[in-house]
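# Structural overview for review
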Amino acid sequence: MPSSFEVDSPWSSVEDYEAFLKFEINTSHYGLVMRTPGEYSYTSLTLFFYDRQQDAFVDKYFELADQTGDAGYSEEKFSWLFKEGDTLRSYTYHNEKLEKIEPSDNTETFDRRNYYLVSLTPQKFDTLTTDSEKQQIFEQYWQNRNVK
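Residues numbered from 1 in each chain as written. Predicted model: local features only at pLDDT ≥ 70, side-chain atom pairs only at ≥ 80, totals over all residues. Heavy atoms only, no water.

### Here's the deal with the overall build of the chain
Along the backbone of the chain there are one helix and eight strands. Residues classed as buried in the chain amount to 32% of the 148 residues present. Contacts spanning at least 24 positions in sequence make up 34% of the contacts within the chain whose residues lie at least 6 apart. Accessible area for the chain stands at about 9700 Å²; split by element, carbon and sulfur atoms hold 44% of it. (Helix = DSSP H or I, 4+ residues; strand = E, 2+ residues; numbered from the N terminus. Buried < 20%, exposed > 50% of the residue type's maximum accessible area, 1.4 Å probe, protein only. Contact = heavy atoms within 4.5 Å. Areas by Shrake-Rupley, 256 points an atom, 1.4 Å probe, with all protein chains shown as cover.)

As structure tokens, then:
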């Protein structure tokens, strides 16, 4: 792995990133999961790609998980990573919710639950399926796969 990791952000520095999982995606790339700054604290888990031939990080990343909330709004994201051959995939659940803080509040509330199946390569992320009303498809897909 390279001796340095650069962060180009006015809001955080390299010390704000903590790597805790490295795994081989294929013969050319490693995946590195890091705790990164979220909306208010260090709640985000982010997948970075490391190119073994270039000895450098790829300029793409994928947020795997985060949880935040403020004044009745909450948001959470969870992802499960798995490989199919040399392809890394993410099964991601994303929930956004707005609740009333006071009973007299005339804010329109919502509770959105979305599910995504994403193919993750250093070159591009490809959303294979997205439909919150068809969660059963994801459950069947998950159950019928030989997941590592």
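### So, the pattern of salt bridges
Between side chains of opposite charge, a pair can form when the charged atoms approach closely. Throughout the structure, instances matching the rule amount to five salt bridges. One salt bridge connects glutamate 96 with arginine 112, and the closest N-O pair in it is separated by 3.5 Å. Highlighted residues: glutamate 96 in strand β6 (residues 87–98) and arginine 112 in strand β7 (residues 110–120), separated in sequence by 16 residues. Among the residues examined, arginine 112 registers a relative accessible area of 41% and is labelled partly exposed. (Salt bridge = Lys/Arg side-chain N within 4 Å of Asp/Glu carboxyl O.)

### Focus on the pairing of strand β1 (residues 18–24)
Two faces, one strand: in a regular strand the side chains alternate between the faces of the sheet. Note that β1 and strand β2 (residues 29–36) share six bridges and pair antiparallel. Each bridged residue has a counterpart across the sheet, and for alanine 19 the counterpart in β2 is methionine 34. Here β1 folds back onto β2, and the loop between the two strands holds four residues. (Pairing = 2+ DSSP bridges.)

### Thoughts on the nonpolar core
In terms of nonpolar packing, the biggest core is built from 12 residues, these being Phe23, Ile25, Val33, Leu45, Leu47, Phe49, Phe62, Leu64, Ala65, Leu88, Val118 and Leu120. Mapped onto this core, the elements with two or more residues apiece are β3 (44–51), β4 (56–70) and β7. Residue contacts for valine 33: discarding those within four places in its chain leaves Glu18, Ala19, Phe20, Leu21, Phe23, Thr46, Leu47 and Leu64. Core analysis: the next-biggest nonpolar cluster, separate from the first, contains five residues, Phe82, Tyr93, Tyr115 and Leu117 among them. (Core = buried A, V, L, I, M, F, W, Y, C linked by side-chain atoms within 4.5 Å.)

### Some details on the environment of glutamate 24
In this structure, glutamate 24 sits in strand β1. Between the C-alpha atoms of glutamate 24 and tyrosine 50, which are 26 residues apart in sequence, the distance is 9.5 Å. If near-sequence neighbours (up to four positions away) are discounted, glutamate 24 is found in contact with His29, Tyr30, Arg52 and Lys83.

### A word on the packing of aromatic side chains
Counted by the stated rule, this structure contains seven aromatic pairs. Ring geometry for tyrosine 30 versus tyrosine 50: centroids 6.2 Å apart, planes at 20°, classification stacked. Of this pair, tyrosine 30 sits in strand β2 while tyrosine 50 sits in strand β3, and the two are 20 residues apart along the sequence. The residues tyrosine 30 and tyrosine 50 share a single accessibility class, namely buried. (Phe/Tyr/Trp six-rings, centres within 6.5 Å; stacked < 30°, edge-to-face > 60°.)

Geometric values such as these leave the question of function open.
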